[in-house]
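Single-letter residue listing:
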Amino acid sequence: LNNRILLTDAGQALHEGVAAGLQLISDTTEAQMQRRTRARLVISCIESVAEAWLAPRLAEFAAREPEFRFDLRVEPDPVAFARYDIDLRLAYDPARYPDHAAVELVRDHVLPVASPAIRDRLAVSGLRGVAGEDLLHTGWGPDFGTQPTWAKWFAAAGLPLPPGAGYQIDRSALTLDLAARGLGVALVQRLVAGDALAEGRLAVLSDLTLPLSQPYALVWPRTKTRKRHLAQLVAFLVERAASERKT
């Protein structure tokens, strides 16, 4: 009739069943996509701890939470949370974000480290022996207002700063790696050096440390407090930092 195709009763029943099934598939797919979007966090971190500390712990948390996904941004303070839709920031000095929720992660210090071979070589000479080694100088960048330098460490030890340029390195993670490879002696954050010390790739040369002037902290917009996985991730990172301070 007018070239129209009419379904039989059986065909109509089949059509309705198939249409309902396709709609269910569509609804389920959309729900899963929305669920995954809600599970993804945009995480921002200062460079000094992103590679050596935060990245391995994000991987550990992701292994526990199969639906957890994240975008990791590495950038200096301060950051524009709203512009880049940032959910969580690992920052140095949370006072830069007075309108955000924050929890202190660790109030860290720097300590002298080197490869186990250099440690063994300095076992007899002690602190004075450090002056005879090549010094690795970290370029702390704008995140650190008061920079912990070798000059301050030697002054605290009651020793003159040794002559010689040593090595100037822009990133903490690179300083850490070069020290582990035996290039020289480095001043690095305990938080950053923790894994390398635990694995035996680095050794502490002295108990004399320099405190950092501000704490590391986790910061997030108050409007995102209930976002999926955020509270669990914050609790996990705080617990990990606390347990590592005891080792």
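The notes below deal with the structure included here.

The rules behind these values
- Residues numbered from 1 in each chain as written.
- Predicted model: local features only at pLDDT ≥ 70, side-chain atom pairs only at ≥ 80, totals over all residues.
- Heavy atoms only, no water.
- Buried < 20%, exposed > 50% of the residue type's maximum accessible area, 1.4 Å probe, protein only.
- Helix = DSSP H or I, 4+ residues; strand = E, 2+ residues; numbered from the N terminus.
- Arc of directions from axis to C-beta.
- Contact = heavy atoms within 4.5 Å.
- Pairing = 2+ DSSP bridges.
- Salt bridge = Lys/Arg side-chain N within 4 Å of Asp/Glu carboxyl O.

## What to know about helix α6 (residues 150-157)
Within the span of α6, buried status applies to W150, W153 and F154. Here the buried residues of α6 occupy an arc of 95° about the axis, which is enough to place them on one side. Against the buried residues of α6 lie β5 (109-114), α5 (127-130), β6 (135-138), β8 (185-189) and β10 (210-211). Within two residues after α6, G158 carries a phi angle of roughly 75°, on the positive side.

## Focus on unusual backbone geometry
Between D77 and P78 the backbone carries a cis peptide bond, its omega angle lying at -10°. Summarising the element assignment, P78 is placed in the loop between β2 (69-74) and α3 (81-84). Non-glycine residue D93 carries a positive phi angle of around 75°. If you trace the backbone, D93 turns up in the loop between β3 (88-92) and β4 (101-106). For D93, a relative accessible area of 16% corresponds to the buried category. For H229, which is not glycine, the phi torsion reads 75° and is therefore positive.

## Regarding the pairing of strand β11 (residues 216-220)
The two faces of the sheet receive side chains in turn, since in a regular strand these alternate between them. Most of β11 sits out of view: five of its five residues are buried. Of the two faces of β11, the one holding Y216, L218 and W220 and the one holding A217 and V219 are both buried throughout. Looking at chain direction, β3 and β11 are connected through four bridges and run antiparallel. Each bridged residue has a counterpart across the sheet, and for L90 the counterpart in β11 is L218. Sheet topology note: the β4/β11 ladder contains five bridges and is antiparallel.

## Considerations on the pattern of salt bridges
As enumerated under the stated definition, the model contains 18 salt bridges in all. The shortest N-O distance in the salt bridge between R40 and D71 comes to 2.5 Å. Pair noted here: R40 is in strand β1 (residues 40-45) and D71 is in strand β2, with a separation of 31 residues, a long-range link. The residue K227 makes a salt bridge to D87 at a minimum N-O spacing of 3.1 Å. You can see K227 sitting in the loop between β11 and α9 (230-245) and its partner D87 sitting in the loop between α3 and β3, a full 140 residues away along the chain. Each of R57, E60, R64, D195, R240 and E244 takes part in one network of salt bridges that share partners.

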